[in-house]
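Each chain is listed here by its residues.
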Amino acid sequence: MGATSPNEKSLVYFCLNAGNATLAAQAKAVQTKLDAALAKIKAMKAPFALYYSDASSKTAIDALGELDDALGDMAETLKGYAGNETVETQCKVINENYVDNVVVATYRTLADNAQKLYQSIVNIKK
């Protein structure tokens, strides 16, 4: 979360450095599609709830679809590594990093914002 480039505990970094040219090319495609999707999301008219039918939202959704396709291609190649002990060990590190730095952080932010929303509602009712 907040990373601007793949680090040694990321899936993209692993795929770029696994010694498999196909996997490296797919990881580069994922990076390109991710950057494009993020740019399209930032370019969307806001708030989304009012502009969900705007062309900028459709463009962002399409870019996310392309990212999903690129991730799917990479996932297919990664299936070939199933059962490889070295790869499985690295995947465990990647998963732990993801849980610690994305999942937990996301839920913490959601919980904090839910509390703020609740407090705002309580204050309005007073």
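The shown structure was predicted, so the numbers you read here are calculated from the model rather than taken from an experiment. (Residues numbered from 1 in each chain as written. Predicted model: local features only at pLDDT ≥ 70, side-chain atom pairs only at ≥ 80, totals over all residues. Heavy atoms only, no water.)

Colleague: Summarise the packing of aromatic side chains; cite the residues concerned and give the values.
Modeller: Going through the model one piece at a time under the given rule, you end up with two aromatic pairs. Note on Phe14 and Tyr81: the rings are 6.3 Å apart at their centroids and 75° apart in plane angle, and the pair reads as edge-to-face. Of this pair, Phe14 sits in helix 1 (residues 11-16) while Tyr81 sits in the loop between helix 4 (55-78) and helix 5 (85-125), placing them 67 residues apart in sequence. Like Tyr81, Phe14 is buried. (Phe/Tyr/Trp six-rings, centres within 6.5 Å; stacked < 30°, edge-to-face > 60°. Helix = DSSP H or I, 4+ residues; strand = E, 2+ residues; numbered from the N terminus. Buried < 20%, exposed > 50% of the residue type's maximum accessible area, 1.4 Å probe, protein only.)

Colleague: Describe the side chain of Ser56, with residues and values.
Modeller: By the element assignment, Ser56 lies in helix 4. Of note is the side chain of Ser56, whose polar atom sits 3.0 Å from the backbone nitrogen of Lys45. Within polar-contact distance, the side chain of Ser56 engages the side chain of Asp54 at 2.6 Å. The contact partners of Ser56, leaving out residues within four places of it in the chain, are Lys40, Ala43, Met44 and Lys45. (Polar contact = N/O pair within 3.5 Å; in protein donor to acceptor, adjacent residues only side chain to side chain. Contact = heavy atoms within 4.5 Å.)

Colleague: Tell me about the nonpolar core, and please be specific about residues and values.
Modeller: Residues Phe14, Cys15, Leu23, Val30, Met74 and Leu78 are the most contacted members of the largest nonpolar core, which totals 13 residues. Contributions of two or more residues to this core are made by helix 1, helix 2 (21-42), helix 4 and helix 5. Here the element with the most residues in this core is helix 4; it accounts for four residues. In contact with Phe14, other than residues within four places in its own chain, are Leu78, Val87, Gln90 and Ile94. (Core = buried A, V, L, I, M, F, W, Y, C linked by side-chain atoms within 4.5 Å.)

Colleague: Explain the pattern of salt bridges to me, and be specific about the residues and the numbers.
Modeller: Per the counting criterion, the structure on display carries four salt bridges. Here Lys33 ties to Glu66 by a salt bridge, and the two come within 3.2 Å at their closest N and O atoms. Within this pair, whereas Lys33 is found in helix 2, its partner Glu66 is found in helix 4, the two being separated by 33 residues in sequence. Among the residues examined, Lys33 registers a relative accessible area of 29% and is labelled partly exposed. Ionic pairing is found between Glu76 and Lys79, a salt bridge with its closest N-O pair at 2.9 Å. By relative accessible area, which is 51% here, Glu76 ends up exposed. (Salt bridge = Lys/Arg side-chain N within 4 Å of Asp/Glu carboxyl O.)

Colleague: If you had to explain helix 2 to someone new, which residues and values would you point to?
Modeller: With 22 residues, helix 2 extends 32 Å between its outermost C-alpha atoms, agreeing within 8% with the 32 Å of an ideal straight helix rising 1.5 Å per residue. For helix 2, every residue scored as buried is listed here: Leu23, Ala24, Gln26, Ala27, Val30 and Ala37. Axial view of helix 2: buried residues confined to an arc of 160°, hence all on one face. Opposite the buried face of helix 2, at more than 90 degrees from it, the exposed residues are Ala21, Lys28, Thr32 and Asp35. Lining the buried residues of helix 2 we find helix 1 and helix 4. Put simply, Asn20 is the residue that caps the front of helix 2, since its side-chain oxygen is 2.9 Å from the backbone nitrogen of Thr22. (Expected span 1.5 Å × (residues − 1). Arc of directions from axis to C-beta.)

Colleague: Any chance you could break down helix 4 for me, citing the residues and the numbers?
Modeller: With 24 residues, helix 4 extends 35 Å from end C-alpha to end C-alpha; this agrees with the ideal 34 Å at 1.5 Å per step. If you check which residues of helix 4 are buried, you get Ser56, Ser57, Ala60, Ala63, Leu67, Ala70, Met74, Thr77 and Leu78. Tucked into the core, helix 4 has its buried residues touching helix 1, helix 2 and helix 3 (48-51).

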